[in-house]
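Structural characterization, general
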Amino acid sequence: MKSYEIERKYLIRSLPFALEEYPHRDLEQGYLSTDPVVRIRREDDDYYLTYKGRGMMVREEYNLPLTASSYEHLKTKIDGRLISKRRYLIPLEDRTVELDVFSSPRPGLLLAEVEFASEEEALSFAAPDWFGEEVTSCPEYHNSALSKL
């Protein structure tokens, strides 16, 4: 399924609340290619193959379902390291912050993503005080780059 991903990313240095209060999903993902980005992902018991276009804040994205066995087969073919993280879903006004807590390859890295319906919404977003440095335009914080560590 084709869609466009419009998001901004932020480093989080510390949290003013307990994460246990929020729902979460466990994710594992690897990259078959980083140029173009072709990713496999396990999200709890769901599996996907994703193609992402070029871009930083706005980019094209296609998601296709996979079976568990096809995911496991493709996992043996990834380039770089497998990424493991827990994603917390934190409400923020009329949207949701997806807060990733990495266990691999950068244990302890906290990265928040906020998705938007339009570029205008993204550009007018005022980050809450607990957000740290914005890294939307920093390629080293794309998961595809983190997989190469």
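Here, every reference points to the structure presented above.
The structure contained in this document is the topic of the report that follows.

Criteria and thresholds
- Residues numbered from 1 in each chain as written.
- Predicted model: local features only at pLDDT ≥ 70, side-chain atom pairs only at ≥ 80, totals over all residues.
- Heavy atoms only, no water.
- Helix = DSSP H or I, 4+ residues; strand = E, 2+ residues; numbered from the N terminus.
- Rg over C-alpha atoms; globule rule 2.2 N^0.38 Å.
- Buried < 20%, exposed > 50% of the residue type's maximum accessible area, 1.4 Å probe, protein only.
- Contact = heavy atoms within 4.5 Å.
- Core = buried A, V, L, I, M, F, W, Y, C linked by side-chain atoms within 4.5 Å.
- Pairing = 2+ DSSP bridges.
- Salt bridge = Lys/Arg side-chain N within 4 Å of Asp/Glu carboxyl O.
- Polar contact = N/O pair within 3.5 Å; in protein donor to acceptor, adjacent residues only side chain to side chain.

1. As for the overall build of the protein chain
A count of helices and strands for the protein chain gives three helices and eight strands. Walking the protein chain from its N terminus toward its C terminus, one meets helices and strands in the order β-β-β-β-β-α-β-β-β-α-α. Rg of the C-alpha trace for the protein chain: 15 Å, near the compact-globule value of 15 Å for 149 residues, within the 12% margin. Overall, the C-alpha framework of the protein chain stretches about 40 × 30 × 25 Å when taken along its three principal axes. The buried share of the protein chain, taken over its 149 residues, is 46%. A separation threshold of at least 6 residues defines the contact pool for the protein chain, and within that pool the share at least 24 residues apart is 59%.

2. Looking at the nonpolar core
Within the largest apolar cluster, 19 residues are counted, with the highest numbers of intra-cluster contacts made by Ile 12, Ile 90, Val 97, Leu 99, Phe 125 and Phe 131. Those elements that provide at least two residues to this core are strand 1 (2-11), strand 6 (79-92), strand 7 (95-104) and strand 8 (110-115). Apart from residues no more than four positions distant in its own chain, Ile 12 is found in contact with Leu 99, Leu 110, Ala 112, Trp 130, Phe 131 and Gly 132.

3. Structural notes on the pairing of strand 7
Regular strands place their side chains on alternate faces of the sheet. Taken across its 10 residues, strand 7 has seven buried, putting it largely inside the fold. Pairing geometry for strand 6 and strand 7, over nine bridges, is antiparallel. Bridge pairing in strand 7 links Ile 90 to Val 97. Counting the residues in the hairpin turn of strand 6 and strand 7 gives two residues, including Glu 93, whose phi is positive at 55°. Sheet topology places strand 7 next to strand 8; five bridges connect them, and they run antiparallel. Across the sheet, residue Glu 98 finds its bridge partner in strand 8, namely Glu 113. What sits between strand 7 and strand 8 in their antiparallel hairpin is a turn of five residues, with Gly 108 showing a positive phi close to 90°.

4. Some remarks on unusual backbone geometry
A cis amide bond links Asp 35 with the next residue in sequence, Pro 36, at an omega value of 5°. Position of Pro 36 relative to the elements: it lies in the loop between strand 2 (24-34) and strand 3 (37-43). A cis geometry characterises the amide bond from Ser 104 onward to Pro 105, with omega recorded as 5°. Here Pro 105 is to be found in the loop between strand 7 and strand 8. We note that Asp 44 has phi near 55°; this positive angle belongs to a residue other than glycine.

5. A look at the pattern of salt bridges
Scanning all chains against the criterion turns up 21 salt bridges. When the shortest N-O distance is used, the salt bridge between Lys 75 and Glu 72 registers 3.5 Å. Taken together, the residues span about one helical turn, with Lys 75 and Glu 72 both in helix 1 (residues 68-75) at a distance of three residues. According to the relative accessible area criterion, Glu 72 is partly exposed, its value standing at 38%. A cluster of three or more residues bridged by salt bridges with shared partners is formed by Glu 7, Lys 9, Arg 25, Arg 41, Glu 43, Lys 85, Arg 87, Glu 98, Asp 100 and Glu 113.

6. Details of the side chain of Lys 85
Residue position: Lys 85 is located in strand 6. Side chain to side chain, Lys 85 and Asn 143 meet in a polar contact 3.3 Å long. In this structure Lys 85 touches Arg 25, Asp 26, Leu 27, Gln 29, Arg 41, Asp 100, Val 101, Phe 102, Ser 103 and Asn 143, once residues within four positions along its chain are discounted.

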